[in-house]
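Architecture at a glance
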Amino acid sequence: MKTEDKKKLAKKILSKSFLFLFLAFTVLYLSEGAGYFEYEQHRNMVLTSDKIKEFEEDVKNGKNIDIENYVETKAKDYSNPVSNLGLDLSGFVNDVVTEGLDSLFKFLGDMNKR
């Protein structure tokens, strides 16, 4: 590949990367400007104040109170086949490295005793 072609390819990659970053920045900037994040925070605050009122009513009525009834946990499961594969692979690598280091240190310890 000629240096001239390499320069064109590098320029093309750089311009596409810059365009992508600019578009990502623009989308984030507009969503912040449109108040999306403030709306999400306001919605969470309203849910919290509703739960506080519900809690106070339950205390007044003498109901049995459990904190799980008033706290909303949003635990999303983001696992997918690729992330599960990565998790399994990292566990395998961890086991191999741990066993390897254990045997290495055991060998070095035995050598030191001689």
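Procedures and definitions
- Residues numbered from 1 in each chain as written.
- Predicted model: local features only at pLDDT ≥ 70, side-chain atom pairs only at ≥ 80, totals over all residues.
- Heavy atoms only, no water.
- Helix = DSSP H or I, 4+ residues; strand = E, 2+ residues; numbered from the N terminus.
- Rg over C-alpha atoms; globule rule 2.2 N^0.38 Å.
- Buried < 20%, exposed > 50% of the residue type's maximum accessible area, 1.4 Å probe, protein only.
- Salt bridge = Lys/Arg side-chain N within 4 Å of Asp/Glu carboxyl O.
- Expected span 1.5 Å × (residues − 1).
- Polar contact = N/O pair within 3.5 Å; in protein donor to acceptor, adjacent residues only side chain to side chain.
- Phe/Tyr/Trp six-rings, centres within 6.5 Å; stacked < 30°, edge-to-face > 60°.
- Patch = residues over 30% accessible without salt bridge, like charges linked within 9 Å, V, L, I, M, F, W, Y side chains within 5 Å.
- Areas by Shrake-Rupley, 256 points an atom, 1.4 Å probe, with all protein chains shown as cover.
- pLDDT = per-residue confidence, 0-100.

Before going further, it helps to examine the overall build of the protein chain. Secondary structure summary: the protein chain contains three helices and zero strands in total. Scaling as 2.2 N^0.38, a compact globule of 114 residues should have a C-alpha radius of gyration of about 13 Å, whereas the protein chain reaches 28 Å, well beyond that. Overall, the protein chain is about 75 × 65 × 25 Å in size when its C-alpha atoms are taken along their principal axes. Across the 114 residues that make up the protein chain, the buried fraction comes to 2%.

The next thing to look at is the pattern of salt bridges. Oppositely charged side chains may form a pair once their charged atoms are brought near each other. Within this structure, the stated rule accounts for one salt bridge. Asp 58 is the partner of Lys 63 in a salt bridge, and the nearest nitrogen-oxygen pair spans 3.7 Å. Since its relative accessible area comes to 11%, Asp 58 is described here as buried.

Bringing helix H3 (residues 81-113) into the picture now. Relative to the 48 Å expected for 33 residues at 1.5 Å per residue, H3 spans 48 Å between its end C-alpha atoms, a close match to the ideal helical length. For H3, the N-terminal cap is Asn 80; the gap from its side-chain oxygen to the backbone nitrogen of Val 82 is 3.0 Å.

Moving on, we come to the packing of aromatic side chains. What the rule picks out here adds up to one aromatic pair. Taking the centre distance of 5.9 Å and the plane angle of 25° together, the rings of Phe 25 and Tyr 29 count as stacked. Of this pair, Phe 25 and Tyr 29 both sit in helix H1 (residues 3-33), four residues apart, which is roughly one turn of that helix. Both residues of the pair, Phe 25 and Tyr 29, count as exposed.

To continue, consider H1. If you check H1, its first and last C-alpha atoms are 44 Å apart, about what 31 residues at 1.5 Å a residue would give, namely 45 Å. Of all the 31 residues making up H1, zero are buried; the element is thus mostly uncovered. Of the residues one or two after H1, Gly 35 is the one with positive phi, at around 85°.

Time to look at a nonpolar patch on the surface. Together, Leu 89, Phe 92, Val 93, Val 96, Val 97, Leu 101, Leu 104, Phe 105, Phe 107, Leu 108 and Met 111 line one region of the surface with nonpolar side chains, adding up to about 1000 Å² of accessible area. By the secondary structure assignment, Met 111 is in helix H3. Using a relative accessible area of 43% as the deciding quantity, one classes Met 111 as partly exposed.

Our next topic: the confidence of the model for the protein chain. Mean pLDDT over the protein chain stands at 85; residues scoring 70 or higher make up 96%. Of all the helices and strands in the protein chain, helix H2 (residues 36-61) carries the lowest mean pLDDT, 78, while H3 carries the highest, 92.

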